[in-house]
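Results of the structural survey
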Amino acid sequence: MDLIWTGIIKAVNMLVSLDPEIYDIAWLTVKITGAATLIGLCVGIPAGLGLSVSRFPGRRLIIALINTGMGLPPVVVGLFVALFLWRMGPLGSLRLIYTPAAMVIAQVLIVVPIIAGLSLAAFQNVDPSALLQARALGASKTQALLVILKESRLPQLAAVMAGFGGAISEVGAVLMVGGDINGQTRVLTTAIVQETRMGRFEVAIALSLVLLALSFAVNIFLTCIQQKGAQEWRPHTWK
Amino acid sequence: MKNSLSVAAAVWLMGQSLSAFPAAAPPVAAGDLILATTTSLKDSGLLDVLLPRFEAASSLRVKAIAVGSGEALRMGEQGNADVLIVHSPADEEKFMAAGFGKDRKELMTNDFVLVGPSADPAEVRGRTVFDALRAIFENGAIFLSRSDGSGTDKKERDLWKLAGFEPKGRWYLETGQGMAETLRIASEKEGYTLTDRGTFLSLTGRLGLRVLVEGGKDLLNVYHVITVNPGRFPETNISGAEALMNFLMSPDVQTFIGQFGRDKYGAAFFMPSSKGPGDGPER
């Protein structure tokens, strides 16, 4: 108990004194996970939209694969990305292994199925009559797609939160492709593992608090957008 | 309004993210060097002190990847690393004989110690390492094994073999993890384990374990630095690897290694192997 308490006190001291190492690590974490989430959005939402409105052979298989991918173990992603990016691997000439870019690639692979799967579910929940009405009112195909996108934007934000949460909290993939190099590829989760190994629990606790605070701040931000959207959206639905 | 706010935030985040990418610029400058090393060395904190000095003096950027000695040698065999620091002498000799390495120099030593709970249920304190293993085996006392293909793991297996026992059973626990984690588990389970002295020292005061058996040539732990043979893998950064090797073997750095840990833990983690580049034992 003593260890936990003194650890938390030391951790708060480090945070208040703006320990530069901790903030550098936190900032790199935000950049990497932010990039992975944005790329995941750009890929995942169109994929979910496409799957919700189109019908083609093999569609169910793809949906089943995406749903499986939502639970993709990060260490498996890390292993395969590392195998490809290692210097002698098929993509070794890109020289990306042990760089932040490699970590973004791994996190994108983790995030895309989460966002695609949840956004597909969101699109499929859109009231079909909204689409019919839009078409009846003479909307083009593109305009109809925009209607679906608008109608489902609240659950879409939940998809973004889930994707961001999945990326910022994983350690297996970023450790394998990033290597936890001090000052280059060390992020909050890999730093927590390393500091715990070295017995520096107070630093590990400080980093954990930063990780939780970061995750909380992003989710508060997204929740505010979502709930404000919910309020102004209610009065004039498609009726 | 809210939308424009979130779009602005997204654009800002995207801009920040892109600026973080080495991918935007050529991802790897000519001066990148991949050092595959052991977890025990990374956990000791020595690299965190030495590598920034080397980088400042050489304009190379070192990527130190902490893996077990077994995996480090595999990375060398496949051309995925430029330089290795490992402590698994028999495997290293095979590695050199197969032509995967260019040069191999003895960097430093420390020693392995057998640690366990101070209550010492198997009564191994002060015995030779082989007698101690016999006592643990015969009492079925809890023993934690790394079982991760690391240099320490290889050493432990060799010691069991030399002692004439095959460790197996409910008392013999294989963690598959690094030294620091394994020490922590040994401490929690009140078991015995074999550790390098450096990692044990770095966790002083945080474990309920004591050094029970130490000393003797059977417990010597030798670290070598190996440059990967560029004849096999032209992509490897041999000039960088040799620069790092020369840096590590230089008199200043060797002296520094001999001091590292003294101020904080009262004992040095490692004994340097040479006083200068000239008289380093070379193989």
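Treat the numbers as computed from the prediction; the structure is a model and nothing was measured.

Let us look at the overall build of chain A. Along chain A, the regular secondary structure elements total eleven helices and zero strands. The linear arrangement of helices and strands in chain A, starting from the amino end, is α-α-α-α-α-α-α-α-α-α-α. Viewed in the frame of its principal axes, chain A has a C-alpha envelope of about 65 × 45 × 25 Å. The 239 residues of chain A split such that 41% are buried.

Here we come to the pairing of strand S4 (residues 101–116) of chain B. Residue and element names in this part refer to chain B. By the bridge criterion, eight bridges tie S4 to strand S9 (residues 220–228) in an arrangement that is antiparallel. Each bridged residue has a counterpart across the sheet, and for Glu106 the counterpart in S9 is His224. Relative to strand S10 (residues 271–272), S4 runs antiparallel, the two being bridged by two bridges. What sits directly across from Met108, in S10, is Pro272. As defined by bridge partners, S4 adjoins strand S7 (residues 192–196) across four bridges and the pair is classed as antiparallel. Looking at S7, one finds that Val115 is bridged to Thr193. Examined bridge by bridge, S4 and strand S8 (residues 210–213) share three bridges and lie antiparallel to one another. Each bridged residue has a counterpart across the sheet, and for Val115 the counterpart in S8 is Val211.

Residue and element names in this part refer to chain B. Looking at the assigned domains, one finds that chain B contains domain 1 (29–109 + 222–272) and domain 2 (111–219). A separation of 26 Å is found between the C-alpha centroids of domain 1 and domain 2. Contacts between domain 1 and domain 2 engage 19 residues on the former and 15 residues on the latter. Counting residues per element, the ones that place at least two in the side of domain 1 that touches domain 2 are helix H2 (39–44) and helix H4 (69–77).

Parameters and conventions
Residues numbered from 1 in each chain as written. Chains lettered and ligands numbered in written order. Predicted model: local features only at pLDDT ≥ 70, side-chain atom pairs only at ≥ 80, totals over all residues. Helix = DSSP H or I, 4+ residues; strand = E, 2+ residues; numbered from the N terminus. Buried ≥ 20, exposed ≤ 12 C-beta atoms within 10 Å, placed from the backbone. Pairing = 2+ DSSP bridges. Domains from an automatic or database assignment. Contact = placed C-beta atoms within 7 Å.

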